[in-house]
Amino acid sequence: SSHRNVLKLLTLGLIFHVIFIASVFDCYFTSPVVHGMLPRRAGPGEAKRVVLIVGDGLRADLLFGVNAFSFVPSSPKIVAPYLRDIIQTRGAFGVSHTRVPTESRPGHVAIIGMLLPNTSGWKTNPVNFDSIFNQSSHTFSFGSPDILPMFAQGATPGKVDTWSYDEEDEDFTKDATALDTWVLEQLQTLFQNASSNGLLDSKLRADKVVFFLHLLGLDTTGHSYRPHSKEYMNNIQVVDRIVQRTEELFSNFYHDAETSFIFTADHGMSEIGNHGDGDPDNTRTPLIAWGRGIRGPLPDIIPSSHDEYSWPWQLDDFLRRDVEQADLAPLMAALLGINYPMNSVGILPDQFVLRGVPIVVQKFKSSERRGRFIGRVLFHLFIVVLVLQCMVAAYTHRSLWSIGFVVMGIFWPYMSWPSHVRSQYPRLLLSWMSSCLVTGIFPLLSVNKREDLYTIMCGGAMILAVGIGWTRLTSNGAPKATKSPEIIQASFILLAMTITASSVKSLQAKQGLPIINQTSAWVIIVVSSIYPFISKAQHNSPTSRIISLFLGFGVCFVILSISVEGLFYAAFTCNLLLWIEVEAIVQSKRAGTALQNEGYEFHTDDIRIALFFLFFVQVAFFGTGKSFYLEPVYRLVPVFNPFLMAALLIFKIVAPYVILSAVFATLNAKLHLPPFSLFLVALTLTDGMTMSFFLNVTDTGSWLEIGQSISFFCITSLLLVWSAGICAAGEYLMVDTLLFDKSTNTRKLE
């Protein structure tokens, strides 16, 4: 009966929190698209055709800057001379400000569909929306298979033609500029084919035509080598030459001056080669417009349109004309004289166009739907509320996790442990304090990491040392046969270190990933991860079982590590193992009483243990900062495959939780408590965190603030749901070992 009641309570709690999460998405992620609205025409138009060129992942400062790549030997003062000449002689320039999520699909939806980035941009038209392509007489598009189909499927059939390369060509280990030159070659071929194809020639020479050139190379190069690299600089130079050659192709084919050109980017690139969040380097993209209907260079005004960001560009004699990313589609519509896309939220940037154009754009703003949560606030002790709020604050101030380790490692033993425990177990006290302080170092490290082979190897060596050390401590004179599984697992770690060292050197030398390295890495990471579950080795203690799991997933923290992740994994596991020993001794009196009682009796220490558990759940996720680096994934998947890459990164995040689940199940057993009893206490306490984040969700201010507030709430809530899975997995993983350990202890008592 008690087990059924626990199951019911767990089920109700999980259902509630799943609905709780969904309520936020219902409030803040409702599509702004409304069908049946009347179209609005932009006017007669100035140009016969518009050429939209998007440099995917291009930062404004690195394109416009003078000596932007001074750290690269023999780098030119001006990295894109052709585009800079356009700015100074015949074009307009500025910064196009994007919004989160700063991803390729939402960015292109904003540029071409005049919709602010939202969930409609993450998939291929989950909600159909209007676009500049659909309003044009015909659109010719060239580029990535991830972007072009999104607009072709949502347009009038036959209106949008696409030319895209294969997904396999998006190889992060190869020169990504080939993707951009491919686009130019296809455009050149299109014009050549028009000479022998009358229908194609008539489509090309019609009015209100759009050409879209999507240049993915910069994004791929930025992910692989980061934006402050020689490779990224070279890719910008290639793009500059492509723009020059594109303009020449149009001039030679049309022999007129009826073409407008717009060059921009869908998003920028952070210092570490990532994008997606509201980092200013991700949201500030370049914008250059020239050709028919574009107002040329204008002198700067007073007060200046420039600031500290653009002064290093040495373009302060010219007016900097900033726009919102969604304003680019109205600009193209006005130049062509076509209808504005319906449901648009953009405003025509009239400082770009030569003549007055009606700037009345039919706007639709999604109705503000605010979720209000009214609930009863549970009574908590002040210290519990304080700890929970500190965890909330630690999401933005990572040093608080380190302070938490100091409190656990120093203040808790001297303020709460019985004095006889400190005097009788000095080694355990010293080990616990040292473990907490060492693990507490990692949240203080910078989240911006570079690939460091030496640190990766140190992490692998530390994983081996921890595995061997704890195995000896738990062997208790066991025969050699029982140690053979640990020897096999240690061999996996050594092989992973050898293969990883070879792969890193090969990739850094731009020699690609050897197929034997890729195959071997896949085999080792798969076999090592499943070995603890298929091995028939008899573990003489719960710690022995935990070490087997630790070594099994240790390969993941060698092959998929970029820097200190392996060291963190080893320190985190040691800390958890010592936590079991410490709680077993500190709670020894309670454990003896629990043997005589049936069921669960609440103790005030249960709140502290639950808080420790919640703390470790958070630290397992945030301990090393950002874990979503792509460099390690290239050792297994060198060709762009977003789902497989994401799966590998998630697998790396899950690994520490396997250890935590086994540790928590062992702790329950050591204290002779029913399964899930401590988790139910943690489940109650965690709502203090989720409630704080829910009330902090905002739909005003910058998109960075909005995105972070929603992300923090979702992460906290999902970690809570994940914690339930942790406890269930731990009970399953440790059931045989804990039963064996219990029977052994019972025989000893008899």
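Here the structure is shown first, and the text comes after it.
This write-up is about the structure you can find in this document. Please read all numbers here as calculations on a predicted model, not as lab measurements. (Residues numbered from 1 in each chain as written. Predicted model: local features only at pLDDT ≥ 70, side-chain atom pairs only at ≥ 80, totals over all residues. Heavy atoms only, no water.)

1. Focus: empty space enclosed by the protein
Okay, step 1: Enumeration over the complete set of coordinates arrives at four cavities of 30 Å³ or more.
Okay, step 2: Taken as a whole, the second largest cavity spans an internal volume of roughly 50 Å³.
Okay, step 3: Along the walls of the second largest cavity sit L63, F64, I78, A80, L83, R84, I87 and L315, which together make up its complete lining.
Okay, step 4: In terms of residue count, the dominant contributor to the lining of the second largest cavity is helix α3 (residues 81-89) (three residues). (1 Å grid on protein atoms, 1.4 Å probe; cavity = no way out; pocket = protein on both sides within 12 Å on 5 of 7 lines; lining within 4 Å. Points joined across faces, edges and corners; volume = space filled by probe spheres on them. Helix = DSSP H or I, 4+ residues; strand = E, 2+ residues; numbered from the N terminus.)

2. Regarding the sheet that holds strand β8 (residues 284-291)
Okay, step 1: Read from one edge of the open sheet, eight strands run β5-β4-β6-β2-β7-β8-β3-β9, paired in mixed fashion. The sheet terminates laterally at β5 (160-164) and β9 (323-324), the two strands that pair on one side only.
Okay, step 2: Note that strand β2 (residues 49-55) and strand β6 (residues 209-215) share seven bridges and pair parallel. Looking at β6, one finds that V54 is bridged to H214.
Okay, step 3: Sheet contacts for helix α10 (residues 230-254): β2, β6, β7 (259-264) and β8; angle to β2, the most-contacted strand, approximately 165°. (Pairing = 2+ DSSP bridges. Contact = heavy atoms within 4.5 Å. Axes fitted to C-alpha atoms, helices over the stretch in contact; angles between N-to-C directions.)

3. Structural notes on a negative patch on the surface
Okay, step 1: Where like charges cluster on the molecular surface, the negative patch consists of D166, E167, E168 and D169.
Okay, step 2: The topology assignment puts E167 in the loop between β5 and α7 (177-194).
Okay, step 3: Under the relative-accessibility criterion, E167 is labelled partly exposed at 45%. (Patch = residues over 30% accessible without salt bridge, like charges linked within 9 Å, V, L, I, M, F, W, Y side chains within 5 Å. Areas by Shrake-Rupley, 256 points an atom, 1.4 Å probe, with all protein chains shown as cover. Salt bridge = Lys/Arg side-chain N within 4 Å of Asp/Glu carboxyl O. Lys, Arg positive; Asp, Glu negative; His and termini not counted. Charge placed at Lys NZ, Arg CZ, Asp CG, Glu CD. Buried < 20%, exposed > 50% of the residue type's maximum accessible area, 1.4 Å probe, protein only.)

4. Regarding the side chain of H138
Okay, step 1: Along the chain, the position of H138 falls in strand β4 (residues 138-143).
Okay, step 2: The buried category is assigned to H138, whose relative accessible area is 5%.
Okay, step 3: Separated by 2.7 Å, the side chains of H138 and D161 make a polar contact.
Okay, step 4: In this structure H138 touches G158, K159, D161, K203, K208, V209 and V210, once residues within four positions along its chain are discounted. (Polar contact = N/O pair within 3.5 Å; in protein donor to acceptor, adjacent residues only side chain to side chain.)

5. So, the packing of aromatic side chains
Okay, step 1: Taken as a whole and assessed by the stated rule, the structure comprises 37 aromatic pairs.
Okay, step 2: Between F64 and W313, the ring centres sit 4.9 Å apart and the planes meet at 50°, which makes this aromatic pair tilted. Taken as a pair, F64 in helix α2 (residues 60-64) and W313 in the loop between β8 and β9 lie far apart in primary sequence, 249 residues in all. Considered together, F64 and W313 belong to a single accessibility category, that of buried residues.
Okay, step 3: With 5.6 Å between their ring centres and 45° between their planes, F133 and F212 make a pair best called tilted. Remark: F212 occurs in strand β6 and F133 occurs in helix α5 (residues 132-135); sequence separation between them is 79 residues. Here F133 matches F212 in class, with each residue buried.
Okay, step 4: The ring of F253 has R205 lying over it, and the distance from NZ or CZ to the ring centre is 4.2 Å.
Okay, step 5: Against the face of F352 rests R321, its NZ or CZ located 5.7 Å from the ring centre. (Phe/Tyr/Trp six-rings, centres within 6.5 Å; stacked < 30°, edge-to-face > 60°. Lys NZ or Arg CZ within 6 Å of the ring centre and 35° of its normal.)

6. Observations concerning helix α12 (residues 328-336)
Turn by turn, an α-helix covers 3.6 residues, leaving residues three or four places apart pointing in a common direction.
Okay, step 1: Most of α12 is tucked away, with nine of its nine residues classed as buried.
Okay, step 2: Residues of α12 that are buried: L328, A329, P330, L331, M332, A333, A334, L335 and L336.
Okay, step 3: Of the residues flanking the end of α12, it is G337, one or two places downstream, whose phi is positive at about 75°.

7. Re the side chain of E631
Okay, step 1: Position of E631 relative to the elements: it lies in the loop between α24 (604-622) and α25 (642-670).
Okay, step 2: The contacts of E631, once residues within four sequence positions are left out, are H223, S224, R226, E451 and I562.

8. Re the environment of M269
Okay, step 1: Residue position: M269 is located in the loop between β7 and α11 (280-283).
Okay, step 2: Overall, the relative accessible area of 0% leaves M269 in the buried class.
Okay, step 3: As a C-alpha pair, M269 and G222 span 47 residues in sequence and 7.0 Å in three-dimensional space.
Okay, step 4: Apart from residues no more than four positions distant in its own chain, M269 is found in contact with G57, R59, L218, D219, G222, H223, P227, Y232, N274, H275, D281 and N282.

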